Amino acid sequence: MLFPASRFFLSLTLSVLSLSLFLQPLLALEEVPKIMSNAEQIAAVEKVTNEIVRDEIRLVRFSTQFYAAWLKPERFKSWRLFAYKMAGSGLTNAGMIAIAGSRFQYRSNPSEAPRKYLKSGHIINLTAASILLAGTLTELFLDRLSERSLSRQHLDPASAVKEFLTVRNKLDALIGSRKDILKNCSELTLRQREILEADGQVLQDIRDLACAEFHHAYCDIARLRGTRDIANATTLFSAGTAGYGGSLNSLLSVANKLPRQTGVAGIGFMTSGASVAVSPLIINWGSHFAGKRAAAKIEEAGILEQDADKDYFIVTKKIEY
């Protein structure tokens, strides 16, 4: 049994507890938000900065990997090209010498010239053209195998652009987040804010440099691919017209005793010679066009070659300590 005084104090205690429980949510609504200290604000900015640096390193590493994968010299390719061209050129010279020798030796009485002797030079020239054609087709096949291997590694141009844009967009979001955090840091001193803003400018410049580097790598790879493919096409055309348009018709004219067929052979030789003469210009113009087309395509995707790589070394940004 409780005494009246005890009942009074017990009811008073329960009333106070009830009132405190009732007012606690209201007081929580009136709490003033906690303001981060100077060190906490700097730590928040540096945390985002570290994430930005990691993504920028990832961008630069990927761009270098992409460029190096396409420019890596293939083993024995130079020796194969040398063998094709040396065999083709040597046999072509031998065939021309045989043809000129047979014509000169029997210039006074062509009808007495042995038919096998007259056919030998054309057979040699046809063999030379076949070697060049086979070598060029072999290199085309090996190039496609190499590109297929790069595609499996997601280093083909389309996959590379997609991967680069994914990382670049994430990086842009982090840079924007860093600016917002820095803007809301009210406890920083003027000197600290200047240093952090200068760091942000450096991070932005590195981001622009990474984009410019990938832009250059993408366009240069497209230009080199254009040079290679156009050179292969012109080689196939010149060797095909010389071998099967010229030498083959000359051989058939001798074998079948059809002098008029030499006119068709002449058209083949003239076409081949003209293609050989203009092929350097075609290769140069074609590679230039391929580079311009690649630049327009990658800029349409959103990767621009800004002038940060030039302006960064022209404009000096000094910080006085």
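Placed above this text is the structure.
Residues numbered from 1 in each chain as written. Predicted model: local features only at pLDDT ≥ 70, side-chain atom pairs only at ≥ 80, totals over all residues. Heavy atoms only, no water.

**A closer look at helix α4 (residues 115-152)**
Inference 1: Helix length check: α4 (38 residues) gives 56 Å between terminal C-alpha atoms against 56 Å at 1.5 Å per residue, within 8%.
Inference 2: His 154 sits one or two positions beyond α4 and adopts a positive phi of about 60°. (Helix = DSSP H or I, 4+ residues; strand = E, 2+ residues; numbered from the N terminus. Expected span 1.5 Å × (residues − 1).)

**As for the packing of aromatic side chains**
Inference 1: For the coordinates displayed, the defined rule picks out 6 aromatic pairs.
Inference 2: Between the aromatic rings of Phe 62 and Phe 214, the centroid separation amounts to 6.4 Å while the plane-to-plane angle is 25°, which identifies the pairing as stacked. With Phe 62 in helix α2 (residues 38-71) and Phe 214 in helix α6 (residues 190-255), this pair connects stretches of sequence that are 152 residues apart. Take Phe 62 and Phe 214: they sit in the same class, and that class is buried.
Inference 3: What makes Phe 214 buried here is its relative accessible area of 0%. (Phe/Tyr/Trp six-rings, centres within 6.5 Å; stacked < 30°, edge-to-face > 60°. Buried < 20%, exposed > 50% of the residue type's maximum accessible area, 1.4 Å probe, protein only.)

**Here's the deal with the environment of Asp 143**
Inference 1: By the secondary structure assignment, Asp 143 is in helix α4.
Inference 2: Among residues more than four places away in sequence, those in contact with Asp 143 are Glu 74, Lys 77, Arg 228 and Asn 232. (Contact = heavy atoms within 4.5 Å.)

**With respect to the pattern of salt bridges**
Inference 1: Taken as a whole and assessed by the stated rule, the structure comprises 15 salt bridges.
Inference 2: Across the salt bridge formed by Asp 143 and Lys 77, the nearest N and O atoms sit 3.2 Å from each other. Of this pair, Asp 143 sits in helix α4 while Lys 77 sits in helix α3 (residues 77-105), and the two are 66 residues apart along the sequence.
Inference 3: Asp 143 sits in the buried class, given a relative accessible area of 4%.
Inference 4: The partner of Arg 191 in a salt bridge is Glu 194, with the nearest N and O atoms 2.8 Å apart. Of the two residues, Arg 191 and Glu 194 both sit in helix α6, 3 residues apart, roughly one turn of that helix.
Inference 5: Using a relative accessible area of 38% as the deciding quantity, one classes Glu 194 as partly exposed.
Inference 6: If you follow the salt bridges from partner to partner, you end up with Lys 77, Asp 143, Arg 144, Glu 147, Arg 225, Arg 228 and Asp 229 in one network. (Salt bridge = Lys/Arg side-chain N within 4 Å of Asp/Glu carboxyl O.)

**A closer look at the nonpolar core**
Inference 1: With 29 residues, the main nonpolar core has Ile 52, Phe 66, Phe 164, Phe 214 and Ile 303 as its most contacted residues.
Inference 2: Where this core is concerned, the elements lending two or more residues are α2, α5 (157-183), α6 and α7 (261-300).
Inference 3: Ile 303 has contacts with Val 161, Phe 164, Leu 165, Arg 168, Cys 211, Phe 214, His 215 and Ile 298, leaving out every residue within four places of it along the chain.
Inference 4: Counting 5 residues, the second-largest nonpolar core is a separate cluster that includes Val 45, Cys 185, Leu 188 and Leu 196. (Core = buried A, V, L, I, M, F, W, Y, C linked by side-chain atoms within 4.5 Å.)

**A short note on the side chain of Thr 234**
Inference 1: Relative to the helices and strands, Thr 234 resides in helix α6.
Inference 2: We classify Thr 234 as buried; its relative accessible area is 16%.
Inference 3: Beyond its immediate chain neighbours, meaning those up to four positions away, Thr 234 contacts Ser 279 and Ile 283.

**Quick notes on unusual backbone geometry**
Inference 1: Its identity as a non-glycine residue notwithstanding, Phe 76 has a phi of 70°, on the positive side.
Inference 2: In this structure, Phe 76 sits in the loop between α2 and α3.
Inference 3: Of note, the phi angle at Lys 257 is positive, near 55°, even though the residue is not glycine.

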